[in-house]
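The lines below spell out each chain.
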Amino acid sequence: MIDIKFLRENPDAVRENIRKKFQDAKLPLVDEAIRLDAEKRAAQQECEQLKAARNKLSKANGPLYGQLKKADEAQKAELQKQIDENNAKVKADDERRAELEKKQTEAEDKLREIMYVIPNIIDPSVPIGPDDSCNVEVQRFGDPVVPDFEIPHHVDIMQSFDGIDKDSAGRVAGMGFYYLLGDIARLHSACLSYARDFMIDRGFTYYIPPFMIHGDVVKGVMSFKEM
C-alpha cells in the first residue's frame, strides 16, 4: 500500500503509475484520497485545538472555585457565572469534538479502503505492458537444451508417482491447488531444506514467521482490483 504522504506530495506520479498499470478507472481515486486525507487532517487539527481550549478552561475554573469559597454573596454570583460559562464552553467543545472524531474516523476508514485499491508504484526498471507478452528478456545464461522427446508437464510427472491429489485440494482451496503426497512431498521438503541451508551458509538468518497474522497486514501487501 502506498504511503499517504507520498500520494499527498506526488499525486501526478501516482496517476501516471495507475496509467502504466492500465487501470485508468482508478484515476478518480487519487483525488478522492487527497480529499479524504485533507478532511481527516482538518478534523484532527480542530480536535486538538478544542482539546487544548478545554484544558485551558478547566484549568481556569480551579482558581475560580477557590475564590468562590472566600467570596461574599455579590462576588459569588459573578464567580459562579464565570464558572458556568466556562463549563458551558467545555460542554460545547466536547460535543463538537465528538462530532469531529466521528468524522475523522469515517474519513480514515474510507481513505484506507481507497489506498488498498490504488496500485503500488512500479519500479522504473519494469517494462510497461498490459500482460506478460510484453515481458523483456534481460539476460540469458547458456544455450537452452531441447530434448528429442516431449517434455511432460510437472503435474503429469507428479501424478505418475501418485504424489498429488488435485480433487481434495480443489474442494479445500479451489482449482489450481493440490496436495503433495509421499515421495513427492518428501522431495518438496528436501528442496526447501537445501534452499534454507544454502542461504544460511551465505550469511542469511533463518526465520520462521507466525502462521497467523492480522488482517490489516494481509491487506497491506495485497493488490485489490476493486473496492
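The structure under discussion appears in the preceding block.
Anyway, here's the lowdown on the structure attached to this text. (Residues numbered from 1 in each chain as written. Predicted model: local features only at pLDDT ≥ 70, side-chain atom pairs only at ≥ 80, totals over all residues. Heavy atoms only, no water.)

What follows deals with the environment of Q75. For Q75, the position within the fold is in helix α4 (residues 73–117). C-alpha separation for the pair Q75 and Y178, spaced 103 residues apart in sequence, amounts to 85 Å. (Helix = DSSP H or I, 4+ residues; strand = E, 2+ residues; numbered from the N terminus.)

A separate point is the packing of aromatic side chains. Going through the model one piece at a time under the given rule, you end up with 1 aromatic pair. Summarising the aromatic geometry, the rings of Y194 and F198 are spaced 6.0 Å apart at their centres and angled 40° between planes, so their arrangement reads as tilted. With Y194 and F198 both in helix α7 (residues 182–200) and 4 residues apart, this pair spans about one turn of that helix. Residue classification places Y194 among the exposed residues on the basis of a relative accessible area of 57%. For R196, the ring lying beneath its charged end belongs to Y206, and the centroid distance is 5.7 Å. (Phe/Tyr/Trp six-rings, centres within 6.5 Å; stacked < 30°, edge-to-face > 60°. Buried < 20%, exposed > 50% of the residue type's maximum accessible area, 1.4 Å probe, protein only. Lys NZ or Arg CZ within 6 Å of the ring centre and 35° of its normal.)

With respect to the helices and strands, the residue L111 is situated in helix α4. The buried category is assigned to L111, whose relative accessible area is 6%. Considered as a pair, L111 and L36 are 75 residues apart in the sequence and their alpha carbons are 6.0 Å apart. Ignoring any residue separated from it by four or fewer positions in sequence, one finds L111 in contact with I4, A33, L36 and D37. (Contact = heavy atoms within 4.5 Å.)

Right, let's talk about a nonpolar patch on the surface for a bit. On the surface, a nonpolar cluster with roughly 420 Å² of combined accessible area is contributed by Y194, F198, M199 and F204. By secondary structure assignment, the location of F204 is in the loop between α7 and α8 (215–221). (Patch = residues over 30% accessible without salt bridge, like charges linked within 9 Å, V, L, I, M, F, W, Y side chains within 5 Å. Areas by Shrake-Rupley, 256 points an atom, 1.4 Å probe, with all protein chains shown as cover. Salt bridge = Lys/Arg side-chain N within 4 Å of Asp/Glu carboxyl O.)

Attention now goes to the pattern of salt bridges. With the rule as written, the count across this model stands at 15 salt bridges. Across the salt bridge formed by D12 and R15, the nearest N and O atoms sit 2.8 Å from each other. Within this pair, D12 and its partner R15 are both found in helix α2 (residues 11–20), separated by 3 residues, close to a single helical turn. Residue classification places D12 among the exposed positions, given a relative accessible area of 58%. A salt bridge links R96 to E99; the nearest nitrogen and oxygen atoms lie 3.4 Å apart. Remark: E99 and R96 occur in helix α4; sequence separation between them is 3 residues, near one turn of the helix.

If you look at the biggest cluster of nonpolar residues, it comprises 16 residues, and the most contacted ones within it are L7, V14, A33, M115 and I118. Of all elements in the fold, only α1 (4–9), α2, α3 (27–70) and α4 reach the threshold of two or more residues within this core. Once residues lying within four places of it in the same chain are set aside, the contact partners of M115 are M1, I2, D3, I4, L7 and A33. (Core = buried A, V, L, I, M, F, W, Y, C linked by side-chain atoms within 4.5 Å.)

This part is about the side chain of K26. Looking at the element boundaries, K26 is found in the loop between α2 and α3. One polar contact links K26 to Q23, side chain to side chain, over a distance of 2.7 Å. At 3.0 Å, the side chain of K26 and the backbone oxygen of V117 are in polar contact. (Polar contact = N/O pair within 3.5 Å; in protein donor to acceptor, adjacent residues only side chain to side chain.)

Backbone geometry at F22 places phi at a positive 55°, although glycine is not the residue there. Unusually for a residue other than glycine, D162 sits at a positive phi of about 55°. Assignment of secondary structure puts D162 in the loop between α5 (154–160) and β1 (164–165).

Next up on the list: the environment of I114. In this structure, I114 sits in helix α4. For I114, a relative accessible area of 3% gives the class buried. Between the alpha carbons of I114 and C191 there is a distance of 40 Å; along the sequence they are 77 residues apart.

Quick look at helix α6 (residues 166–173) now. A side-chain oxygen of the first residue of α6 lies 3.3 Å from the backbone nitrogen of D167; this N-cap is D165. Where α6 ends, the next residue or the one after it, G174, has phi of about 105°, a positive value.

Attention shifts here to α2. Taken together, the buried positions of α2 are P11, V14, R15, N17 and I18. Along the axis of α2, the buried residues cluster in a sector spanning 160°; they form a single face. Of the residues flanking the end of α2, it is F22, one or two places downstream, whose phi is positive at about 55°. (Arc of directions from axis to C-beta.)

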